[in-house]
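# Examination of the molecular architecture
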Amino acid sequence: MPIAFTTAGELPHDLDALGIPVFAGLEPLPGVPVEIDRRFCEQRGFEAKAGEALALQGDDDVTVVVVGLGALEEVGRETLRKAGAAFARTSGHAAAADAGTAAEAVVEGIALAAYEFTTYKGRARPTGLERLSVVGDDAAALGAGVVRGARIAEAVCMARDLVNEPAGAMTPRRLADVARELADRHGLSVTILDEVAIASEGLGGLAGVAQGSDEPPRLIELVYQPSSPAPGVGDGHVPTVALVGKGITFDSGGLSIKTADGMMTMKTDMSGAAAVLATMSALADLAVAAKVIAIVPTTENMPGGRAVKPGDVLKIRNGKTIEVLNTDAEGRLVLADGLSLAAEAAPDAIVDVATLTGACVVALGRQIAGLMGNNEDLVGQVRGASERAGEPVWHLPLPEEYRKGIESEVADMKNISSPAGAGGALTAGLILGEFVGDVPWAHLDIAGPARSDADEGYTHKGATGFGVRTLIELASQFAAPRREAPAHR
Ligand code: BES
Ligand code: MN
Ligand code: ZN
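Predicted model, so just to flag it, every value in this text is computed and none were measured. (Residues numbered from 1 in each chain as written. Chains lettered and ligands numbered in written order. Predicted model: local features only at pLDDT ≥ 70, side-chain atom pairs only at ≥ 80, totals over all residues. Heavy atoms only, no water.)

## A short note on the overall build of the chain
To be explicit about the condition: The helix count covers DSSP runs of H or I at least four residues long, the strand count covers runs of E at least two residues long, and both are numbered beginning at the N terminus. We compute the radius of gyration over the C-alpha atoms and compare it with the globule rule, which gives 2.2 Å times the number of residues raised to the power 0.38. Think of it in three bands: residues with accessible area under 20% of the maximum for their type are buried, residues over 50% are exposed, and the middle band is partly exposed, with areas taken using a 1.4 Å probe on protein chains only. It only takes one pair of heavy atoms within 4.5 Å for two residues to be counted as in contact. Here the accessible surface of atoms and residues is derived via Shrake-Rupley with a 1.4 Å probe, and residues count as covered only by protein chains that are part of the display. Charge counting follows a simple rule: Lys and Arg are positive, Asp and Glu are negative, and His as well as the terminal groups are ignored. A charge is said to be at NZ when it belongs to Lys, at CZ for Arg, at CG for Asp and at CD for Glu.
Within the chain, the regular secondary structure consists of 14 helices and 20 strands. Taken over C-alpha atoms, the radius of gyration comes to 23 Å for the chain, in line with the 23 Å a tight globule of 489 residues would show. Once the C-alpha set of the chain is aligned to its principal axes, its extents read approximately 75 × 55 × 40 Å. Classification of the 489 residues of the chain by burial places 57% in the buried group. Of the contacts formed within the chain by residues at least 6 apart in sequence, a portion of 76% connects residues at least 24 apart. When the accessible surface of the chain is summed, it comes to about 20400 Å², and 51% of that surface belongs to carbon and sulfur atoms. In the chain, the 42 positive side-chain charges and the 65 negative ones have mean positions that sit 4 Å from each other.

And the structure:
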């Protein structure tokens, strides 16, 4: 159930729980009208570290939750998200905080921590969180922050829902229906290519991966056109960014089949698609000034009788050919078509998001995404957006010298590199870079952070919705990147 977020100038009367933010050393925020029982806090070992929370029993059945912010000098947006999450988990109820961005971050943390996926549970237990007021003086700033934070969190939760849904239900056709519904509800234009159109449009990577499945593939395109022009844009050119999301609704590996363990979480392989669709759902509500094009190639990767075979050659939309030596390296094949289409639209930039390589998980672990690209300005914008959004990324190189590793005997390139097992995230990035032409492009490999193994902070076991907050922040602040000598080539 969605939480109703509001703001208030003073404490509501019908309060169940009250969150009191405190800094390290148990220093309360100035002006907070509640006495904190320091001795009790100290006895419980509560030090007001960031993300720490402790429930106290207040007067009149109000649960008072002290929420740690850590040292005053170190409080940033991420601290506030964690504080919001700690509050949501500890109180099972309501909060109090300060202005604008802070309210936004706290609300995000609370809403994300309160998320649950109950569609298939016999008995869905209620969260207890129904209505939440952020209390403070600056009503306008608070209100704007609360609305924005709640809207962003809603989008993240939508992405989580799409990913947590079993692959048997979230098929490519279902994903296309979701895109149509979004277009209807949020005033986006939508184009869906079915399997026949995919073949006739020359999307050989997507068609090739789909061959082994009984479920037909889809190519989803959504366009968000801002209603008012961006400020300072005189020539009528609206900065335009294309987002491309990997939409493998289930990755069995194909004939290069995965192990039982390796397949267990592979409904997650459409997390990039989910992040892109969820981002599109929020742009109008957030009055984003840039034009945003979404392209989602979506299919299952299955080992059926017609499946693509190791050694087969596929022809991608932009005319380049790829020898498929490992059918489990399928993401780059469908993205090659998606990126080609994105480049044809001649946007100012392309950003793709994909659960692309296990190698990226080995390199950066489960909480950090790999960031690669061909343009320093754009890579900087994505990195800045990810920092503000609290979704960590690390910039990896795309070394020119490694390109010889993808040379093929028979085609323009092959889909895996030799030597195998070395720099796999970079190989995948290098292949993608062959399909963007000279458009500034950035690639986010979210194979690690798309899923979480544990309930922690504001993430839950299962889908995290990683990428949504970065993409929304990027779109919100987007400026056409300077065309320049490629960054790491
Ligand atoms: N979807 C996987 C990548 C992945 C692995 C995502 C683990 C999340 C967790 C991708 O399609 C894949 O299978 N990649 C292969 C590439 C290899 C065959 C070159 C991989 O990483 O093993
Ligand atoms: Mn795969
Ligand atoms: Zn995959």
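Once you've had a look at it, read on.
## A look at the environment of L56
With respect to the helices and strands, L56 occurs in strand β4 (residues 53–57). Sequence separation of L56 and Y120 is 64 residues, and the distance between their C-alpha atoms is 35 Å. Contact partners of L56, with chain neighbours within four places excluded, come to F40, C41, V62, T63, V64 and V66.

## A short note on the coordination of the manganese ion (ligand 2)
Spelled out, the test is: Distances define the donors: N, O and S atoms within 2.8 Å of the metal qualify, as do those within 3.2 Å of Na, K or Ca. Water is excluded, so some sites may look unfinished. Only four donors with every angle between 85 and 135 degrees are called tetrahedral; only four or six donors with opposite donors over 155 degrees apart and all others between 65 and 115 are called square planar or octahedral, in that order; all others are irregular.
Coordination of the manganese ion (ligand 2) by the protein is provided by D251 (OD), D328 (O), D328 (OD) and E330 (OE), with metal-donor distances spanning 2.1 to 2.2 Å. Coordination at the manganese ion (ligand 2) is irregular, judged from the six donor atoms that bind it and the angles of 70 to 169° they form at the metal. Within one chain, the residues serving as donors to the manganese ion (ligand 2) are arranged as D-x76-D-x1-E. Here the zinc ion (ligand 3) and the manganese ion (ligand 2) are spaced 3.1 Å from one another, each receiving a donor from D251. D328 gets classed as partly exposed once you look at its relative accessible area, which sits at 23%. According to the relative accessible area criterion, E330 is buried, its value standing at 1%.

## A short note on the nonpolar core
Note the threshold: For our purposes a nonpolar core is just a set of buried Ala, Val, Leu, Ile, Met, Phe, Trp, Tyr and Cys residues, chained together by side-chain atoms within 4.5 Å. What counts as a domain boundary in this text is fixed by an automatic or database domain assignment.
Formed by 90 residues in total, the largest nonpolar core has its most connected members in I110, I220, L222, L277 and V351. Counting residues per element, this core draws most heavily on helix α4 (residues 139–164), which supplies eleven residues. Structurally, this core is a two-domain feature, drawing no fewer than three residues from each of domain 1 (4–152) and domain 2 (166–477). One finds I322, A336, L356 and M413 within the second-largest nonpolar core, a separate group that totals 46 residues.

## Some details on unusual backbone geometry
For the bond running from S418 to P419, omega is 0°, close enough to zero to count as cis. Positionally, P419 belongs in the loop between β17 (413–414) and α13 (424–433). Positive phi values are uncommon outside glycine, yet A346 reaches one of about 50°. Note that A346 resides in the loop between α10 (331–344) and β14 (349–354). For A346, a relative accessible area of 59% puts it in the exposed group.

## Things to note about the coordination of the zinc ion (ligand 3)
Within the protein, the atoms that donate to the zinc ion (ligand 3) are K246 (NZ), D251 (OD), D269 (OD) and E330 (OE), at distances of 2.0 to 2.4 Å. One can describe the site at the zinc ion (ligand 3) as octahedral: its six donor atoms subtend angles covering 78 to 174° at the metal. Each donor residue of the zinc ion (ligand 3) belongs to the same chain, with the gaps between them written as K-x4-D-x17-D-x60-E. A relative accessible area of 2% places K246 in the buried class. By relative accessible area, D251 is classed as buried at 3%.

## Brief notes about the domain arrangement of the chain
The line we're drawing: Reported buried area values correspond to the accessible surface (1.4 Å probe) lost by two parts on association, with both partners' losses combined.
On domain assignment, one finds that the chain holds domain 1 (4–152) and domain 2 (166–477). A separation of 35 Å is found between the C-alpha centroids of domain 1 and domain 2. Each partner contributes residues to the interface: domain 1 has 16 residues there, and domain 2 has 20 residues. Broken down residue by residue, the surface that domain 1 buries against domain 2 is led by R89, R148 and R151, which jointly contribute 38%.

## What about the packing of aromatic side chains?
Worth spelling out the cut-off: Any Phe, Tyr or Trp ring, taking Trp's six-membered ring, that has another such ring centre within 6.5 Å forms a pair; planes under 30 degrees apart are called stacked, those over 60 apart edge-to-face, and the others tilted. Criterion for a charge above a ring: Lys NZ or Arg CZ within 6 Å of the ring centre, and within 35 degrees of the ring normal.
The full count for this structure, using the stated rule, is one aromatic pair. A centroid spacing of 6.1 Å and a plane angle of 45° characterise the contact between F117 and Y120, whose relative ring orientation is tilted. Judged by relative accessible area, F117 falls into the partly exposed class, the value being 21%. One cation-aromatic arrangement involves R160 over Y115; the distance from NZ or CZ to the ring centre is 5.1 Å.

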